[in-house]
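Commentary on secondary and tertiary structure
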Amino acid sequence: MTTRRRTGEDVRDSTITFEDSQRTENSRIEENSDMKGDEWNIAILFFLYVLQGIPLGLSSAIPMYLQNRGVSYKQQAQFSFVHWPFSVKLLWAPVVDSVFSARFGRRKSWLIPAQYLIGLFMIFLSSKVEDWLGRDESNIHAPNINTLTFFFFCLNFLAATQDIAVDGWALTMLQRRNVGHASTCNSVGQTAGYFLGYVLFVGLESAEFCNTYLRSEPMETGIVTLPGFLYFWGIIFLLSTTLVALFKRECSATERLIEAESDLGVAQTYYLLWNITKLPSIRTTALILLTSKIGFSACDAVTSLKMIDAGFPKEKLALMAVPLVPLQIVLPLAISKYTVGSRPMNIYISAFPYRILFGIIAAALVWITPYVIQNGNIPWYYYIAIIGIYSLHQVTLYCMFVAVMAFFARISDPAVGGTYMTLLNTLSNLGGNWPGTLALWMVDGLTFKTCSANSLKNNTCTTTEDTEDCLKAGGTCSTWMDGYYVETALCTLIGWLWLQWGRRKINELQAKDHREWQVVRRREAS
């Protein structure tokens, strides 16, 4: 393996030189995007991002199966750590960018091993996952949460590493005039992969869905199984990775020139990140990003699982996302025109109270669900209500997302824009993950139950043993205070208090001069 190194403090001068060369090149090339000659490269990028989305989708499907197998919310919180690699990939991204085999290719040095390992992991999981999940919903044995969490965390760690490699390769694989298509390949490809691994899989695995919509004769199982799905995609990963390794070269003159100009060593990159975090404006921004989503955490992390508890079928819940796909495509385009200019976060602040309100609406929806669904039948008006509520929720979510992305683009120091944006995105993603994990962890602790058996009035059904004792005595564990509703109330209060502080801080940040965000010193004009 090769490690690029430069010495001491020359990171500033080297990044300035690269940025100056980029400006010169960009000013020289004024032609519009023309995909001629890049069609095959765009197709490869799109496919690589699709593959990246498959493990993400599967990781989102597993909690729904766990919820039907009697796991606690603390166990769901433990499994939620599998989503963290994409939020903390900045920790090892400099290594992926700087350590490589020059002969094999800078990006292929990491892409090929990562994808081979993903394929092997999936094939291995296909033979074990049913045992670790518990064979069926009758709980023949309890799910092995520790093992599931470990292997799916490793799967997403590899997918995040693949993402780092593909993101870097996209900038050199495409011709300069077509680099803008890389972000489209990323967003559309990863979304498509997530859809395949989550929505499509949950639907095709459901016997009820397949019997209703896809079969003329009912059967007891769906069209696909989780082991079969994992095995199929494991083979796809192995085959496609082999083809990329053999037939896709990474050694064009353009790529070598760009890599030589833009390279920073591992130590330099970490040093640069440290300098960025020392900026007072970045520290305030980090505090905002890491705390702003606390008010939404109960709604975002717990509601879907509570809907399943309330009797809403998991496959129908997953398929609710299908009619919203066009909305999710159009919304960023529609909102982006309101986030241009010097104050893109105004729309973020405006959408914040409505996002808080949807936490209360979601809790009300969970509460009425058992009364609406009778004998498994879901009224048509309930479907319409859920789609309408979820659509409005998506509007607030995308308003905040597009606004914060526009803010990142505005404040990032262009001399080190890639590293700067990656740091900000990492903080934003982490700010959503840790409150969600905490919200799942706290549900059980805030839930209070009592045993209906006269001989066990003091039994609060807190542990599995308490629950078993209650059942043996002929009683049932009745919930008189659900932790989800307690969390919703707490999150609503915290979110409202945060808004009073956050609105003022965000306005202060938007008023700052652009020089307060710069980490690289500009050379004085001669």
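One can find the structure itself at the top, above this paragraph.
1. Describing the overall build of the protein
A tally of regular secondary structure across the protein gives 20 helices and four strands. Out of the 526 residues in the protein, the part that is buried amounts to 48%. Residue pairs in contact within the protein that sit at least 24 positions apart in sequence constitute 83% of those at least 6 positions apart. As presented, the protein carries roughly 25500 Å² of accessible surface, and 62% of it is formed by carbon and sulfur atoms.

2. Overview of the side chain of Gln162
Following the sequence through the fold, Gln162 ends up in helix α6 (residues 145-173). Overall, the relative accessible area of 1% leaves Gln162 in the buried class. Polar side-chain contacts of Gln162 include one of 3.0 Å to the backbone oxygen of Leu48. The contact partners of Gln162, leaving out residues within four places of it in the chain, are Leu48, Gln52, Leu111, Ala114 and Gln115.

3. Thoughts on the packing of aromatic side chains
Tallied over the entire structure, the rule returns 26 aromatic pairs. Ring centres 6.2 Å apart and planes at 50° place the aromatic pair Phe312 and Tyr382 in the tilted group. With a gap of 70 residues between them, Phe312 in the loop between α13 (297-309) and α14 (314-319) and Tyr382 in helix α17 (residues 380-411) connect regions that are remote in the sequence. Here the two residues Phe312 and Tyr382 agree in accessibility, since each one is buried.

4. So, the pattern of salt bridges
Under the criterion given, the structure shown has nine salt bridges. Lys316 serves as the salt-bridge partner of Glu208, at 3.4 Å between the closest nitrogen and oxygen. Placement of the pair is Glu208 in helix α8 (residues 207-214) and Lys316 in helix α14, with a sequence separation of 108 residues. The network of salt bridges with shared partners includes Arg504, Lys505 and Glu508.

5. Side note on a nonpolar patch on the surface
Together, Phe81, Phe153 and Phe157 line one region of the surface with nonpolar side chains, adding up to about 250 Å² of accessible area. Relative to the helices and strands, Phe153 is located in helix α6. Phe153 gets classed as partly exposed once you look at its relative accessible area, which sits at 34%.

6. Focus on the state of the cysteines
For the structure on display, the rule yields one disulfide. Free of any disulfide, Cys491 has its nearest cysteine sulfur in Cys299, 9.2 Å distant. Judged by its relative accessible area of 9%, Cys491 falls in the buried class.

7. Considerations on the nonpolar core
Leu58, Met122, Phe152 and Phe312 are the most contacted members of the largest nonpolar core, which has 67 residues in total. One finds Cys399, Val404, Phe408 and Leu509 within the second-largest nonpolar core, a separate group that totals 40 residues.

8. Structural notes on the layout of surface pockets
By volume, the second largest pocket amounts to about 850 Å³. Only α3 (73-79), α13, β3 (448-451) and α19 (464-472) provide two or more residues apiece to the lining of the second largest pocket. Counting residues per element, the lining of the second largest pocket draws most heavily on α19, which supplies four residues. The class makeup of the residues in the lining of the second largest pocket is eight nonpolar, 13 polar and eight charged.

9. Section: the packing of α13 against helix α20 (residues 483-510)
Contact pair α13 / α20: the axes reach a minimum separation of 9 Å and the direction vectors enclose 160°. Taken together, the axes of α13 and α20 are roughly antiparallel relative to one another. In this structure, the crossing between α13 and α20 has a hand that is left-handed. Of the residues in α20, those in contact with Ser297, Ala298, Val302, Thr303 and Lys306 of α13 are Tyr484, Glu487, Thr488 and Cys491. Across the contact of α13 with α20, the residue classes tally to four nonpolar, three polar and two charged.

10. Concerning the packing of helix α2 (residues 39-67) against helix α9 (residues 226-247)
For the pair α2 and α9, interaxial distance at closest approach is 12 Å and the crossing angle is 160°. When the interaxial angle is binned, α2 and α9 end up roughly antiparallel. Here the hand of the crossing between α2 and α9 comes out left-handed. For the pair formed by α2 and α9, the contact residues are Phe47, Leu51, Ile54, Pro55, Leu58 and Ile62 on the first element and Leu226, Phe229, Leu230, Trp233, Ile236, Phe237 and Ser240 on the second. In terms of residue class, the contact of α2 with α9 is made up of 12 nonpolar, one polar and no charged.

11. As for helix α7 (residues 181-205)
Taking 1.5 Å per residue as the helical rise, α7 with its 25 residues ought to reach 36 Å, and the 34 Å between its terminal C-alpha atoms agrees with that figure. In α7, a bend of some 35° at Phe195 exceeds every other bend along the element. Along α7, the residues classified as buried are Ala182, Cys185, Gly189, Gly193, Gly197, Tyr198, Val199, Phe201, Val202 and Gly203. On its buried side, α7 packs onto α2, α6, α8, α9 and α14.

12. Some details on empty space enclosed by the protein
Unfilled space is identified by rolling a water-sized probe across the atoms. All told, the structure shown has three cavities of 30 Å³ or more when counted by the stated rule. Size it by volume and the largest cavity reaches roughly 50 Å³. Thr285, Ile288, Leu289, Met345, Val404, Phe407, Phe408, Ile506 and Leu509 are the residues that line the largest cavity. Where the lining of the largest cavity is concerned, the elements lending two or more residues are α12 (280-291), α17 and α20. By residue class, the composition of the lining of the largest cavity is eight nonpolar, one polar and no charged.

13. A few points about the environment of Gly70
Within the secondary structure, Gly70 is located in the loop between α2 and α3. Sequence separation between Gly70 and Pro143 is 73 residues, and the spatial gap between their C-alpha atoms is 8.6 Å.

Rules used throughout
- Residues numbered from 1 in each chain as written.
- Predicted model: local features only at pLDDT ≥ 70, side-chain atom pairs only at ≥ 80, totals over all residues.
- Heavy atoms only, no water.
- Helix = DSSP H or I, 4+ residues; strand = E, 2+ residues; numbered from the N terminus.
- Buried < 20%, exposed > 50% of the residue type's maximum accessible area, 1.4 Å probe, protein only.
- Contact = heavy atoms within 4.5 Å.
- Areas by Shrake-Rupley, 256 points an atom, 1.4 Å probe, with all protein chains shown as cover.
- Polar contact = N/O pair within 3.5 Å; in protein donor to acceptor, adjacent residues only side chain to side chain.
- Phe/Tyr/Trp six-rings, centres within 6.5 Å; stacked < 30°, edge-to-face > 60°.
- Salt bridge = Lys/Arg side-chain N within 4 Å of Asp/Glu carboxyl O.
- Patch = residues over 30% accessible without salt bridge, like charges linked within 9 Å, V, L, I, M, F, W, Y side chains within 5 Å.
- Disulfide = S-S within 2.5 Å.
- Core = buried A, V, L, I, M, F, W, Y, C linked by side-chain atoms within 4.5 Å.
- 1 Å grid on protein atoms, 1.4 Å probe; cavity = no way out; pocket = protein on both sides within 12 Å on 5 of 7 lines; lining within 4 Å.
- Points joined across faces, edges and corners; volume = space filled by probe spheres on them.
- Nonpolar A, V, L, I, M, F, W, Y, C, P; charged D, E, K, R; others polar.
- Axes fitted to C-alpha atoms, helices over the stretch in contact; angles between N-to-C directions.
- Parallel < 35°, antiparallel > 145°, perpendicular 65-115°, else oblique.
- Left-handed = near helix turned anticlockwise from the far one by under 90°.
- Expected span 1.5 Å × (residues − 1).
- Bend = angle between axes of the 7 residues up to and from the residue.

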